[in-house]
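# Structural overview
Letter by letter, the chains look like this.
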Amino acid sequence: QVQLVESGGGLVQAGGSLRLSCAASGRTFSSYTMGWFRQAPGKERGFVAFITSGGSTFYADSVKGRFTISRDNSKNTVYLQMNSLKPEDTAVYYCAAGRAAVVAGAFDFWGQGTQVTVSS
């Protein structure tokens, strides 16, 4: 069992930056692929990025070059650095633990989400 708690969301102007954090409980954190997904009002939850246990990363095209996912296994924490934010990045961002895939169904454990709002 893995419990995930996100933090770092907030209101930022377009072009600004935010860093999301996701703290995980459990001794098996390092063995999981960790992912970030987001859900805007009226839309389905969509893939943002994942990082495997070995440190390989993969990004959605919409965030490639602007967002960076990283992990610190000593702190059981995964991060999402978001730069050059756009109004269309506005969503609730969710951290998840599971397998390396771009679909939500591959992830077994989810956080409660943190709101990111980008103003124009």
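Above this text sits the structure in question.
Anyway, here's the lowdown on the structure attached to this text. (Residues numbered from 1 in each chain as written. Predicted model: local features only at pLDDT ≥ 70, side-chain atom pairs only at ≥ 80, totals over all residues. Heavy atoms only, no water.)

Strand order in the open sheet made by the 4 strands is β1-β3-β8-β7, with antiparallel pairing throughout. Looking at which strands have only one partner, the edges of the open sheet turn out to be β1 (4-7) and β7 (67-72). Along the sheet, successive strands turn relative to each other by an average axial angle of 15°, direction set aside. With 6 bridges joining them, strand β3 (residues 18-24) and strand β8 (residues 77-82) adopt antiparallel strand pairing. Bridging from a neighbouring strand, Ser-21 pairs with Tyr-79 of β8. (Pairing = 2+ DSSP bridges. Helix = DSSP H or I, 4+ residues; strand = E, 2+ residues; numbered from the N terminus. Axes fitted to C-alpha atoms, helices over the stretch in contact; angles between N-to-C directions.)

Bringing the state of the cysteines into the picture now. Cysteine pairs can be covalently joined through their sulfur atoms, and such a bond is termed a disulfide. Enumeration over the complete set of coordinates arrives at 1 disulfide. The partner cysteine of Cys-22 in its disulfide is Cys-95, sulfur to sulfur 2.1 Å. Between Cys-22 and Cys-95 the sulfur-sulfur dihedral comes to about -75°; the bridge is accordingly left-handed. Pair noted here: Cys-22 is in strand β3 and Cys-95 is in strand β9 (residues 91-98), with a separation of 73 residues, a long-range link. For the pair Cys-22 and Cys-95, a shared accessibility class is recorded, and that class is buried. (Disulfide = S-S within 2.5 Å. Buried < 20%, exposed > 50% of the residue type's maximum accessible area, 1.4 Å probe, protein only.)

Next up on the list: the nonpolar core. By size, the foremost hydrophobic cluster in this structure holds 38 residues, and its most contacted members are Leu-4, Met-34, Trp-36, Leu-80, Met-82 and Tyr-93. Of all elements in the fold, only β3, β4 (33-39), β5 (46-51), β7, β8, β9, β10 (107-110) and β11 (114-119) reach the threshold of two or more residues within this core. Ignoring any residue separated from it by four or fewer positions in sequence, one finds Tyr-93 in contact with Glu-6, Leu-20, Trp-36, Phe-37, Arg-38, Val-48, Phe-67, Leu-80, Met-82, Gly-113, Thr-114 and Val-116. (Core = buried A, V, L, I, M, F, W, Y, C linked by side-chain atoms within 4.5 Å. Contact = heavy atoms within 4.5 Å.)

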